[in-house]
Amino acid sequence: MDYGFQGRVAVVTGGSSGIGLATVRTLLGSGARVALCARNEGRLADVAAVLKRDFGAERVLATALDVLDEAAVEAFAVEVAAAFGGCDLLVNNAGQGRISTFADTGDADWRAELDLKLFSQIRPVRAFLPMLREARGAIVAVNSLLAYQPEPHMVCTSAARAGVQNLLKSLSVELAPAVRVNSVLLGLVGSGQWTRRFAEREDKSQSREAWYAALAARKGIPLGRLGDPEEAAAAIAFLGSPAASYITGAQLEVSGGLSRHI
Ligand code: NDP
């Protein structure tokens with residue numbers, strides 16, 4: 001599907017895997033030039049080589065960095081400005097969840113989780129804001145249903161995600177009318193995190209399909225399966241696109257119907 005990004009520039013944090021990579025491919029497929037970042041240099045270089053082959057080297061910029069590193073994120077913004085001349089869309093996707101109950105979560109874990117969830121939004125927003133204002137652009141944050149529907153076995157991730165949702169609402173007001181700010185609330189999407197958890201399963205004879213199906217049944221997902229990264233990417237691209245020009249401060253749930261709140 002073409003989301004109308006011809007002539008536009010998008011930045012995707014955590015673009016080397018899973019939902020971030022699917023988003024990069026969707027945006028490139030819709031005409032954007034895309035800058036992506038992630039920490040692992042080797043994996044990022046491999047991904048960038050494939051993207052450049054598929055979409056053209058001049059449309060892809062890949063930089064290895066940690067989104068929590070303020071100086072590196074600022075330098076990335078300068079690099080994007082020099083290479084592409086601006087930024088129309090920032091997708092804050094980098095990160096991962098933390099599985100731990102209250103009893104298992106020490107102070108250092110709480111601080112690390114709050115730091116990751118909040119500053120993976122704050123640092124890129126600060127760095128790219130001048131360009132986003134200039135372009136009258138958009139921010140899409142990748143967040144989780146846990147923000148509204150906490151899980152006790154992911155206690156600090158849930159609390160941090162609620163804080164992120166609160167921050168985004170404030171940003172959507174403060175940055176309006178120049179920059180739109182929206183989020184997707186994911187349920188379970190079959191990407192990197194779940195691939196890693198599948199690899200660590202107790203019963204190693206269980207196939208990926210069987211493990212995913214049992215997981216969807218256990219979680220009570222009405223659509224009966226995990227989402228695909230491309231399905232999350234479609235929602236992200238829509239919210240960042242001209243088709244969503246009157247949408248800001250909103251959250252779009254991509255969960256196969258998992259939420260229990262109205
Ligand atoms: P993946 O593990 O497949 O991808 C995560 C990406 O983020 C990788 O490119 C990773 O690369 C990068 N990344 C992680 N930490 C940092 C960092 N500090 N700085 C820069 N890049 C970083 O995960 P998913 O695609 O599943 O997840 C994408 C987002 O969606 C995450 O924020 C996740 O928490 C969220 N989410 C996912 C759900 C799911 O079911 N999949 C559910 C709810 C939310 P590298 O390791 O090289 O840095």
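Throughout what follows, the structure given in this document is the object of discussion. Sequence order as written defines residue numbering, which begins from 1 separately in each chain. Restriction of local features to residues with pLDDT of at least 70 applies here, the model being predicted, together with a cutoff of 80 or more for giving and counting side-chain atom pairs; totals for whole chains, interfaces and linings are based on all residues. In computing side-chain values, all of the structure's heavy atoms are included and hydrogens and water are not.

1. Brief notes about helix H3 (residues 70-84)
Across its 15 residues, H3 extends 21 Å between first and last C-alpha, which sits within 8% of the 21 Å expected from 1.5 Å per residue. In this scheme, a residue with accessible area under 20% of its type's maximum is buried, one over 50% is exposed, and one in between is partly exposed, where area comes from a 1.4 Å probe on protein chains only. Starting at the N terminus, helices and strands are each numbered in turn, a helix being any DSSP run of H or I of at least four residues and a strand any DSSP run of E of at least two. For H3, the complete set of buried residues consists of Val 73, Phe 76, Ala 77, Val 80 and Phe 84. Angularly, the buried residues of H3 cover 100° about the axis, an arc narrow enough to put them on a single face. Counted as exposed and oriented over 90 degrees from the buried face of H3: Ala 71, Val 78 and Ala 82. Contact criterion: two residues are considered in contact whenever any of their non-hydrogen atoms come within 4.5 Å of each other. Buried residues belonging to H3 abut strand S1 (9-13), strand S2 (33-38), strand S3 (60-64) and helix H4 (107-135). What qualifies as a polar contact is a pair of N or O atoms within 3.5 Å, subject to a donor-acceptor requirement within protein and to the restriction that residues adjacent in sequence count only when both atoms come from side chains. One side-chain oxygen at the N-terminal end of H3 lies 3.2 Å from the backbone nitrogen of Ala 71; it belongs to Asp 69. Gly 85 sits one or two positions beyond H3 and adopts a positive phi of about 80°. Multiplying one less than the number of residues by 1.5 Å gives the expected span of a helix. This arc describes the spread of directions from the helix axis toward the C-beta atoms.

2. Structural notes on the side chain of Gln 165
Inspection of the secondary structure assignment puts Gln 165 in helix H5 (residues 155-174). Overall, Gln 165 belongs to the buried group, its relative accessible area being 8%. Of the polar contacts made by the side chain of Gln 165, one reaches the side chain of Ser 183; its length is 2.7 Å. Not counting chain neighbours up to four residues away, the residues in contact with Gln 165 comprise Asn 143, Ala 147, Tyr 148, Ser 183, Leu 185 and Gln 251.

3. Digging into the nonpolar core
For the purposes of this section, nonpolar cores are sets of buried Ala, Val, Leu, Ile, Met, Phe, Trp, Tyr and Cys residues that join through side-chain atoms within 4.5 Å. In terms of nonpolar packing, the biggest core is built from 31 residues, with Leu 27, Val 34, Leu 51, Leu 89, Val 184 and Leu 186 touching the most fellow members. Contributing elements (two or more residues each) for this core: S1, helix H1 (18-29), S2, helix H2 (41-55), strand S4 (89-92), strand S5 (138-144), strand S6 (180-186) and helix H8 (229-240). No other element matches the 5 residues that H8 contributes to this core. Ranked by size, the runner-up nonpolar core spans 29 residues in total, among them Val 67, Phe 84, Ala 141 and Ala 178.

4. Comments concerning the side chain of Ser 259
Here Ser 259 shows up in the segment after strand S7 (251-254). Judged by relative accessible area, Ser 259 falls into the buried class, the value being 15%. There is a polar contact of 2.9 Å between the side chain of Ser 259 and the side chain of Glu 253. Apart from the residues lying within four places of it in its own chain, the contact partners of Ser 259 are Leu 145, Gln 149 and Glu 253.

5. Re the packing of H1 against H8
Between the N-to-C directions of two axes lies an angle of 0 to 180 degrees, each axis being a line fitted to C-alpha atoms and, for a helix, fitted only over the stretch in contact. Running from N to C, H1 and H8 cross one another at 55°; their axes reach a closest spacing of 8 Å. The angle between H1 and H8 places the two elements in the oblique class. Between H1 and H8 the crossing geometry is right-handed. The segment H1 lies against H8, with Gly 18, Ile 19, Ala 22, Thr 23, Thr 26 and Leu 27 engaging Pro 229, Glu 230, Ala 232, Ala 233, Ile 236 and Ala 237. When residues are grouped by polarity, Ala, Val, Leu, Ile, Met, Phe, Trp, Tyr, Cys and Pro land in nonpolar, Asp, Glu, Lys and Arg in charged, and all others, Gly among them, in polar. Considered class by class, the residues forming the contact of H1 with H8 number 8 nonpolar, 3 polar and 1 charged. Put simply, angles under 35 degrees are roughly parallel, angles over 145 are roughly antiparallel, angles from 65 to 115 are roughly perpendicular, and the rest are oblique. Crossing handedness is defined as follows: a turn of the near helix away from the far one that is anticlockwise and smaller than a right angle gives a left-handed crossing, while the clockwise case is right-handed.

6. Quick look at the site of the ligand
Being near a molecule or strand, for a residue, means having at least one of its heavy atoms within 4 Å of it. Around the ligand, 30 residues are found, and the nearest of them are Ser 17, Arg 39, Asn 93, Arg 161 and Ser 191. A distance of 3.2 Å separates an oxygen atom of the ligand from a polar side-chain atom of Arg 43. Between Asn 93 and the ligand, the recorded distance is 2.7 Å, taken from a backbone N or O atom to an oxygen atom. Within the complex, 94% of the 870 Å² of free accessible area of the ligand lies under protein. With 4 residues, helix H6 (residues 192-199) is the single largest residue contributor to the shell around the ligand. Of the residues contributing to the shell around the ligand, the split by class is 10 nonpolar, 15 polar and 5 charged. Using the Shrake-Rupley algorithm and a 1.4 Å probe, accessible areas are obtained, with residue cover drawn only from the displayed protein chains.

7. What about the sheet that holds S3?
The strand order across the open sheet formed by 7 strands is S3-S2-S1-S4-S5-S6-S7, and the pairing between neighbours is parallel. Here the strands that pair on one side only, and so sit at the sheet edges, are S3 and S7. Between one strand and the next, the sheet's axes are offset by a mean angle of 15°, whatever the strand orientation. Inspection of the sheet shows S1 paired to S2 by 5 bridges, in the parallel sense. When DSSP finds at least two bridges between two strands, those strands are taken to pair.

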